[in-house]
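Chain and residue survey
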Amino acid sequence: MKSIFTLTSAESKRLLAKGVVRLPEVQKAYTEGVIIIGAGTTNAFIVEELTGRSIDKRRFAHGIITRGRQCITPVDERISPIVLVHGQIKETDWIEAIREFQPGDVFIKGANAYDHQGNVGILLGNPTAGTIGHALPICVARGSHLILP
């Protein structure tokens with residue numbers, strides 16, 4: 001017997017979030033290190049799963065594609081990336097926090113597309129490569145974990 005079911009976009013993102021928070025590297029960083037959760041609609045669900053707090057998903061998305069158009073959330077309405085230290089939200093700038101990253105720390109960054117080989121596509125709206133432009137070199141250089149759900 002075969003069954004087919006369809007998830008809404010929100011249901012899919014919630015399921016992804018539940019999977020991401022159960023990753024061993026996320027669990028370890030949650031209790032022993034630092035997790036930075038970059039903005040994005042899927043990542044808003046991850047914030048909720050890790051913190052138990054609701055977040056305004058529209059304001060946590062800095063740029064989205066909707067109805068075939070690229071859209072940007074106005075800067076004054078955005079919620080900045082979330083920094084968790086030992087499982088607690090720390091009111092600090094994520095750029096300052098990532099400068100102190102260690103090998104077991106985790107940066108979670110949303111993606112805009114994946115191909116059949118698992119390659120990730122991220123749209124850049126910033127002339128200096130935005131969030132990924134800051135996070136990727138530090139994660140690679142320090143052996144930190146970069147998760148792209």
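These numbers were taken from a predicted model, which means no experiment stands behind them.

Parameters and conventions
Positions within a chain are numbered from 1, following the residues in the order the chain's sequence is written. For a predicted model such as this one, the threshold for reporting local features is a pLDDT of at least 70, and the threshold for listing and counting side-chain atom pairs is 80 or more; totals across whole chains, interfaces and linings nevertheless cover every residue. Only hydrogens and water are set aside; all other atoms, that is, all heavy atoms of the structure, feed into the side-chain values. Each axis is a line fitted through C-alpha atoms, and for a helix only the stretch in contact is used; angles between axes span 0 to 180 degrees, taken between their N-to-C directions. Only DSSP runs of H or I with at least four residues qualify as helices, and only runs of E with at least two residues qualify as strands; both kinds are numbered from the N terminus onward. Put simply, angles under 35 degrees are roughly parallel, angles over 145 are roughly antiparallel, angles from 65 to 115 are roughly perpendicular, and the rest are oblique. By definition, turning the near helix anticlockwise from the far helix through less than a right angle yields a left-handed crossing, and turning it clockwise yields a right-handed one. Note on definitions: a residue-residue contact is assigned when non-hydrogen atoms from the two residues lie within 4.5 Å. Residues are grouped as follows: Ala, Val, Leu, Ile, Met, Phe, Trp, Tyr, Cys and Pro are nonpolar; Asp, Glu, Lys and Arg are charged; all remaining types, including Gly, are polar. If DSSP finds at least two bridges between two strands, the strands pair.

**A word on the packing of helix α1 (residues 9-21) against helix α3 (residues 41-51)**
Taken N-terminus to C-terminus, the directions of α1 and α3 make an angle of 50 degrees; their axes are 8 Å apart at the nearest point. Here α3 runs oblique to α1, going by the angle between their axes. In this structure, α1 crosses over α3, and the sense of that crossing is right-handed. On the side of α1, the interface is formed by A10, K13, R14, L16, A17, K18, V20 and V21, while α3 contributes T41, T42, F45, I46, E48, E49 and L50. Among the residues forming the contact of α1 with α3, the class breakdown is eight nonpolar, two polar and five charged.

**Description of the pairing of strand β2 (residues 63-66)**
Across four bridges, the pairing between β2 and strand β3 (residues 69-72) is antiparallel. Residue pairing in the sheet places T66 in a bridge with R69 of β3. Connecting β2 to the next strand, β3, in antiparallel fashion are two residues, including R67 with a positive phi near 55 degrees.

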